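# Notes for the structure review
The chain contents come next:
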Amino acid sequence: MKQALLEVMRMNRICRMVLVTCLGSFVLVIFYFQSMLHPVMHRNPFGMGICCRKGSRSPLQELYNPTQLDLSSNAILHQMRRDQVTDLCRANSVMSRKRRVLTPNDLKHLVVDEDHEMIYCYVPKVACTNWKRVMMVLTGRGKYSDPMEIPANVAHVSSNLKTLNQYSIPEINHRLKNYMKFLFVREPFERLVSAYRNKFTQKYNTSFHKRYGTKIVRRQRKNATQEALHNGNDVKFEEFVAYLIDPHTQKEEPFNEHWQTVFSLCHPCHIHYDLIGKYETLEEDSNYVLHLAGVGDYLKFPTFAKSTRTTDEMTAEFFQNISSEHQMQLYEVYKLDYLMFNYSMPSYLKLE
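Just so you know, these numbers come straight off a predicted model, no measurement behind them. (Residues numbered from 1 in each chain as written. Predicted model: local features only at pLDDT ≥ 70, side-chain atom pairs only at ≥ 80, totals over all residues. Heavy atoms only, no water.)

We now examine the overall build of the chain. Counting secondary structure elements, the chain contains 16 helices and 6 strands. Taking all 352 residues of the chain together, 45% fall into the buried category. Intrachain contacts of the chain at a sequence separation of at least 6 include 70% that bridge at least 24 residues. Looking at the chain as shown, the accessible area adds up to about 19700 Å², and 56% of this sits on carbon and sulfur atoms. (Helix = DSSP H or I, 4+ residues; strand = E, 2+ residues; numbered from the N terminus. Buried < 20%, exposed > 50% of the residue type's maximum accessible area, 1.4 Å probe, protein only. Contact = heavy atoms within 4.5 Å. Areas by Shrake-Rupley, 256 points an atom, 1.4 Å probe, with all protein chains shown as cover.)

See below:
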């Protein structure tokens, strides 16, 4: 009888041990899947969450294998945009492969976020000021919490962000392979008119007036006054277009980044971009990027309460006085951007 009682007690101990082991394993499994779906967060002094990438899914993993089914449609959309770029690069292989090796100067527009393993190629006049502000929040290690608290001129100080050209070649290759690379694009002529309005019609842009305005007036305006030749602050859009399509302009020096093509700024046929956002769907695409980075719960892309942005209708008005010949020549300059990013030829063009 005593022996039987001891045997029962021993079996009870074994059962309890098995039960505790099973429960412990179950809890560990639950914590594991929670960590996969919700990256570990800690708080900074500003009360803002900072995502710790270590031990969580990278933006690349989340983009190509989304954990949330409701975001799978975004993944499909961006796959279509990637395919469009790939197809055009293949179709223009002679042009895209003319220079196989990129130089450090080619990488100066690629901003690196080490903490979230992302690379952003900024394109002027495509919300790049706000995206630089966001990148400063992401890379600031708690120094910044609200993107809109960062003055625009501070966002454009080059030392406030690290670009890919500052790394060694092995470091560059590693990041291009393992980090999520993204850029934002805009209808090319709308972006061009936006650049003209900002750089040539605003009185405070005296540096552009002196650097480019005086040159444009000298080349494109007959019987220009000495004041116009000296100040360059009254450049007409027709003169700006004539300057852009003038073969001498492109032979003399590369376009300024504000009207340079996206193809030449970000090199999409040499660098595989994982995500291509559009200005037309800026807020949606931007917040999708932030979701992939694991910061979407507390960091949103800035929205404009009041906007004076250049619209399609405004762009059409600017092109009314441009001859059909000059329109066609200008379209040829930006043709790759139109085709690569799936923009239709504007209906207001007089191309016959």
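So that's the structure; there's more coming.
Our focus in this paragraph is helix α16 (residues 324–340). Helical geometry note: an α-helix holds 3.6 residues per turn, so side chains three or four residues apart project in the same direction. Look at α16: 23 Å from first C-alpha to last across 17 residues, which is about the 24 Å you get at 1.5 Å a residue. Along α16, the sharpest change in direction is near 60° and occurs at Y334. By the burial criterion, the buried members of α16 are Q327, L330, Y331, Y334, L336, D337, Y338 and M340. A positive backbone phi angle near 60° is found at N342, which sits one or two residues after α16. (Expected span 1.5 Å × (residues − 1). Bend = angle between axes of the 7 residues up to and from the residue.)

A separate point is helix α5 (residues 128–139). Under the 1.5 Å per step criterion, the end-to-end length of α5 is 16 Å for 12 residues, consistent within 8% with the ideal 16 Å. A large share of α5 lies buried, amounting to 10 of its 12 residues. Of the residues making up α5, those classed as buried are C128, N130, W131, K132, R133, V134, M135, M136, V137 and L138. On its buried face, α5 sits against β3 (110–113), β4 (118–121), α6 (152–155), β5 (180–185) and α14 (282–292). Backbone geometry just after α5 places R141 at a positive phi near 55°.

Looking now at the nonpolar core. In this structure, W131, F182, F189, F240 and W259 are the most contacted members of the largest nonpolar core, which totals 89 residues. Top contributing element to this core by residue count: α5, with 7 residues. Three or more residues apiece are contributed to this core by two domains, here domain 1 (57–185 + 260–308) and domain 2 (189–245 + 311–335). Residues within four places of W259 in sequence aside, it is in contact with R191, L192, A195, F200, F208, Y212, F240, Y243, L244 and Y334. (Core = buried A, V, L, I, M, F, W, Y, C linked by side-chain atoms within 4.5 Å. Domains from an automatic or database assignment.)

Turning to the pairing of strand β6 (residues 275–278), a few remarks are in order. Two faces, one strand: in a regular strand the side chains alternate between the faces of the sheet. Burial along β6 is two-sided: the residues L275 and G277 and I276 and K278 are all buried. Bridge analysis of β5 against β6 gives 4 bridges, and the strand direction is parallel. From the neighbouring strand, L183 faces β6, where its bridge partner is I276. (Pairing = 2+ DSSP bridges.)

This next bit is on the sheet that holds β6. On the basis of which strands lie adjacent, the open sheet formed by 4 strands has the order β3-β4-β5-β6 and mixed pairing. Where the open sheet ends on each side, the last strands, each with one partner, are β3 and β6. For this sheet, the mean inter-axis angle between neighbouring strands, taken without regard to orientation, is 25°. Strand direction decides the pairing type here: β3 and β4, joined by 4 bridges, are antiparallel. (Axes fitted to C-alpha atoms, helices over the stretch in contact; angles between N-to-C directions.)

Moving on: unusual backbone geometry. A positive phi is found at E117, a non-glycine position, where the angle reads about 55°. Looking at the secondary structure, you find E117 in the loop between β3 and β4. Overall, E117 belongs to the partly exposed group, its relative accessible area being 25%. One non-glycine residue, R141, adopts positive backbone phi at about 55°. You can see R141 is positioned in the loop between α5 and α6.

In this section: the state of the cysteines. For the structure on display, the rule yields 2 disulfides. Paired by a disulfide, C121 and C266 hold their sulfur atoms 2.0 Å apart. For the disulfide bridge between C121 and C266, the dihedral angle about the S-S bond is near -90°, and by the sign convention the bridge is left-handed. Of this pair, C121 sits in strand β4 while C266 sits in helix α13 (residues 262–266); the two residues are 145 residues apart in sequence, bridging distant segments of the chain. Exposure remark for C266: the relative accessible area of 0% places this residue in the buried category. Counting its disulfide-bonded cysteines in sequence order, the chain shows a connectivity of 1-4, 2-3. (Disulfide = S-S within 2.5 Å.)

Below, the discussion takes up the pattern of salt bridges. Tallied over the full model, the rule gives 13 salt bridges. Here D115 ties to R141 by a salt bridge, and the two come within 2.4 Å at their closest N and O atoms. Placement of the pair is D115 in the loop between β3 and β4 and R141 in the loop between α5 and α6, with a sequence separation of 26 residues. Overall, the relative accessible area of 19% leaves D115 in the buried class. Salt-bridge contacts for K181 lead to D274; the nearest nitrogen and oxygen are separated by 3.2 Å. Of this pair, K181 sits in strand β5 while D274 is found in the loop between α13 and β6, placing the two residues 93 residues apart along the sequence. The exposure class of K181 is buried, given its relative accessible area of 4%. Here the salt bridges do not stand alone but share partners, grouping R211, K215, R219, E252 and E253 into one network. (Salt bridge = Lys/Arg side-chain N within 4 Å of Asp/Glu carboxyl O.)

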